[in-house]
Structures are given as structure tokens and as C-alpha cells.
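Structure at a glance
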Amino acid sequence: LSASRVEGRMRKDVYERVLAFSKTDECANLGEYEAHFVRASLKDFERAGLALSSDDGETLKSLLEKDAGICSEYGTNLGSDKTKLLFDPKDLEGCGDDFIKERLGKDEEGKCTITLKYPDIIPIGTNCVVAETRRLVAEAREGTGAYKNNLDLVAKGIKCRKEIATLLGYDSWAEYICSQRMSGSYKAVDDFLSSLETKLHDEGKENLDTLLKLKEAHCKELGVEFDGHINAWDQGFYNNLLLKRDYGVDSEKIREYFPLNHVVETMLDIYQELLGLTFTELPVGSYWSWHKDVRSFEVKDSASGDRIGHFYLDLHPREGKYGHAAIFHLVKHNTDQGAVDCMLCNLPPPGADGKPSLLRHSNVVTALHEFGHIMHGLCSEGIGNSTRLAKCPRDFVEAPSQMLENWCWQKEVLQRLSKHH
């Protein structure tokens, strides 16, 4: 698939046709967006090297295919990871009885099986009192041996992308990317981040000192040695402990008020009201699906009744599945049908004993954010690659979702989204 995308971007015959069209009177009389689409398409072809000499073009094509292969292998390593860590229940102190019970005896009698999926690693990183357990999980996920040869692939990818950028006349891959973003240049991004670093340095140091003092006091309570550092596997735990002790915020208690089914159904209601849409869930078996837990919905404009498209919800982790949260455009708008998009997450599933899935507030924010992308894709005007979504700057893609996720911090919406299980 990655190789075919490279091939499509390097169709010189298509580039020449678009270039010729861009010089016609018909193109000069296009509307504002249509003219933007032509310019953006030409720029895409040029950034793929079609304005280069024949030899340089072939070199670039080889580099782009190499980069695509590296990315594909990297993603496969993440998705196919089968790492399992085994812990005694006492090594998961603080994670809760239900957490331990759900993982006990899966692979070895008397041991709890921990994977590198979010429903396992987040509770350990924020709640597990045993520092060594947190360290082992962090090392398994972020150490030099994590996910097969991915660290080597990162090094190869950096070298490959530097060569691509140089061939196309850019100082760096960062400049190549930023030149097409709202920021406009790498320097604008670097200056902005540097200014933030300057402004936040003192407060950040103060926050770090607060966590260090908390860790020192906590180690004294536990009767263990204080090493004088906030390690990578300490930050989540002591941030969470600080929230509980100093601010009365207990993420585990909050989870009791966000049962998954209620959150999802209310989220769908909110988006229907907000955007004037009607969602109708399709009966199981009436649509193509890649897993029995995947749900599918038809989307119509409430006022006109016109069908806009469909979306899938694939919410829970499983072996071989993409390990983060994202949306995927399966079918783009065309003259015969609307778009088909998929929201893919790794939210905790219901317990084997029938207990409901309970979400952290951060999970709720993620859900509303990702579903915002679904709405952006389905509601964008245009056909195929000429939709407003397809040709907007890549970093703007996050803007609607970042605005929509803020409903999760509004009292009225929180009252609707929450319900004690």
C-alpha cells in the first residue's frame, strides 16, 4: 500500500496534464477553492520530485520507497507485538483488585499477565506503588530492545529522510514538512518552542521539585531508598499521587462515573445535536466488518434526509491491532456515495465477569477528539482528493478535534457524559 502511494505521487504523465491545465483560461476562471486544489496538487507532485531531472527523480523514487518500507515495518512491529510480562499480584500493589483479577492466571498460575497495550500500561504507570514494576514495564515499551528492531528503523528513517529533503532542496526534513504546514517554516516552530521553554523553565523546575519532595516522602513511608530522581517511570505515578493527596482528584474514582457504553451513546447524541446529523446503527451482519465487536453507522443530514456517509467504531484492543487512537478514511466522497471512515481506539473492554468498561477522563477526551476527526472527514465538502479536508494543511487537521474535545471540560456536557455505573 505504501509503495502504491509513492507510485501514485510520481505519475509524471498526470503531473504534465495538471501542469498544462494550470496554464489554461479554464483554470484561470476556476473558483477560489478549485484553484487552490490545482495549486496544491501541483505542489504535491513537485514535492514528490517530478520537477527534478530524470536521474534525480529515480533516486528520489527509490528513497521514498525505502522510507515507505521503513515506516511499514515500524508499524508492523508495533501492531504485531506480543510482549507479555508476568508479575506476582503483590508487584501490582495500587492497581486495584479488579485489575489484578482480570489478568491473573492467563498464562501462568499465580501470575498476572501484562501486555504493552494501553489498558495495561496506563494503570500501572499511574497507580502501581512498586517502582520496579513500573520500571520493567517502561523498559519493555520504551527501552532499546522494544518492538524488535524499531530503534534501528528510526535511525535508518532519519538518514533516509535527510537525503530526501536534500535532494528536494530543503535544509532538513523538518523544513520540508513545515513548509506545507500552517507554521510555514521550521524556524517558526523552533522559535515558538524555544520561547515556551524560556517562559516555562522556572515553573517547570518548581513542579519537578514538588514531585521530588513527594517522592522522597513517599519512599520514606514505604521504607525504601530515595534515589533523588524523577525517572521516566516515576512521573505518571507521582503526578497522579500529587493530584490525589493535594487536590482530591482520584482518577480511579472518576472512572466509576464514565461507563463506556453511556459515554459513547451520549457522545453520539452530542455530535448529532451539534452538527444537525442523524446516526443510525446498522444491524450486525448487514455490513462488512473485520471483527465481531466493530459497529457501523449510517449518517444523514437531519434537515434534508440526504445520506452523508458511514462510520465504523472499533474501540477495544486485541492482538495485531494498531495500538493507539486514530481514524482511517476507508472510502472518500465520490459521486455515488459518501465517505466511509473508521474510528479506532484501544479503550478498556468490559470485564469477563460482566463488569462494565470504565473510562478515565483522558479516555473520554480521546474519544471526543477522535470522533471529531470522523465528523471532519464525513462533513467535508468536495469529491475524492479534492475535499476541503484533503487539501488543508496537515496540522490544521487537528484543529477541529482539539476544539471539539473541549466539550469534555464543560460542566453541562460532563453532566451528560457521566453516570455512575
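Below, the structure is looked at part by part. Bear in mind the structure is a predicted one, so any value in this text is a computation, not a measurement.

The next point concerns the pattern of salt bridges. Using the criterion set out here, one finds 27 salt bridges in the structure. The partner of R245 in a salt bridge is E221, with the nearest N and O atoms 2.8 Å apart. Of this pair, R245 sits in helix 12 (residues 235-247) while E221 is found in helix 11 (residues 186-222), placing the two residues 24 residues apart along the sequence. R245 gets classed as partly exposed once you look at its relative accessible area, which sits at 40%. Judged by relative accessible area, which is 53%, E221 ranks as exposed. The residue R295 makes a salt bridge to E281 at a minimum N-O spacing of 2.8 Å.

For the rest of this paragraph, the subject is the packing of aromatic side chains. Taken as a whole and assessed by the stated rule, the structure comprises 13 aromatic pairs. Seen from their ring centres, F279 and F311 are 5.2 Å apart, and the 80° between their planes marks the pair as edge-to-face. In this pair, F279 is assigned in strand 3 (residues 277-281) and F311 in strand 5 (residues 307-314), connecting sequence segments 32 residues apart. Assigned by exposure class, F279 and F311 land together as buried. Aromatic pair F279 and F371: ring centres 5.8 Å apart, planes at 70°, arrangement edge-to-face. You can see F279 sitting in strand 3 and its partner F371 sitting in helix 15 (residues 361-379), a full 92 residues away along the chain. There is no split in this pair, since F279 and F371 are both buried. Three or more aromatic residues joined by ring pairs form one cluster here, namely Y271, F279, F297, F311 and F371. Lying over the aromatic face of F99, R103 brings its terminal NZ or CZ to 3.8 Å of the ring centre.

Let us look at unusual backbone geometry. Of note, the phi angle at Y147 is positive, near 55°, even though the residue is not glycine. Within the element layout of this structure, Y147 appears in the loop between helix 8 (131-142) and helix 9 (150-167). Positive phi is not limited to glycine here, since K148 has a value of about 60°.

Direction vectors running N to C along helix 14 (residues 260-275) and helix 15 enclose 40°, while the axes themselves pass 11 Å from each other. When the axis of helix 14 is compared with that of helix 15, the two are oblique. Taken as a pair, helix 14 and helix 15 cross one another with a handedness that is right-handed. Contacts from V263, M267, L268, Y271 and L275 of helix 14 reach helix 15 at V364, A367, L368, F371, G372 and M375.

This part takes up helix 4 (residues 32-47). A rise of 1.5 Å per residue sets the reference length of helix 4, with its 16 residues, at 22 Å; its end C-alpha atoms lie 22 Å apart and thus fit the reference within 8%. Those residues of helix 4 that fall on the buried side of the exposure criterion are Y33, A35, V38, A40, S41, L42, F45 and R47. Where helix 4 ends, the next residue or the one after it, G49, has phi of about 95°, a positive value.

With that settled, the discussion passes to the sheet that holds strand 5. Spatial ordering of the open sheet is given by 3-4-5-7-6, a layout of five strands whose pairing is mixed. Each edge of the open sheet is held by one strand with a lone partner, namely strand 3 and strand 6 (326-331). Each strand axis lies, on average, 25° off the axis of its neighbour in the sheet, ignoring direction. With five bridges joining them, strand 3 and strand 4 (residues 295-301) adopt antiparallel strand pairing. For E281, the partnering residue across the bridge sits in strand 4 and is F297. Along the sheet, helix 14 makes contact with strand 3, strand 4, strand 5 and strand 7 (339-344), crossing strand 3 at roughly 145°.

So, on to the side chain of S41. Its location among the elements puts S41 in helix 4. Accessibility expressed as a relative area gives 12% for S41, which makes it buried. At a separation of 2.8 Å, a polar atom in the side chain of S41 contacts the main-chain carbonyl oxygen of F37.

With their axes 9 Å apart at the nearest point, helix 7 (residues 118-127) and helix 8 run at an angle of 140° to one another. Judged by the inter-axis angle, helix 7 sits oblique to helix 8. With respect to the hand of their crossing, helix 7 and helix 8 are arranged in left-handed fashion. The residues of helix 8 that touch helix 7, namely those facing Y118, I121, I124 and G125, are T133, R134, V137 and R141. Residues that form the contact of helix 7 with helix 8 fall into these classes: four nonpolar, two polar and two charged.

Rules used throughout
Residues numbered from 1 in each chain as written. Predicted model: local features only at pLDDT ≥ 70, side-chain atom pairs only at ≥ 80, totals over all residues. Heavy atoms only, no water. Salt bridge = Lys/Arg side-chain N within 4 Å of Asp/Glu carboxyl O. Helix = DSSP H or I, 4+ residues; strand = E, 2+ residues; numbered from the N terminus. Buried < 20%, exposed > 50% of the residue type's maximum accessible area, 1.4 Å probe, protein only. Phe/Tyr/Trp six-rings, centres within 6.5 Å; stacked < 30°, edge-to-face > 60°. Lys NZ or Arg CZ within 6 Å of the ring centre and 35° of its normal. Axes fitted to C-alpha atoms, helices over the stretch in contact; angles between N-to-C directions. Parallel < 35°, antiparallel > 145°, perpendicular 65-115°, else oblique. Left-handed = near helix turned anticlockwise from the far one by under 90°. Contact = heavy atoms within 4.5 Å. Expected span 1.5 Å × (residues − 1). Pairing = 2+ DSSP bridges. Polar contact = N/O pair within 3.5 Å; in protein donor to acceptor, adjacent residues only side chain to side chain. Nonpolar A, V, L, I, M, F, W, Y, C, P; charged D, E, K, R; others polar.

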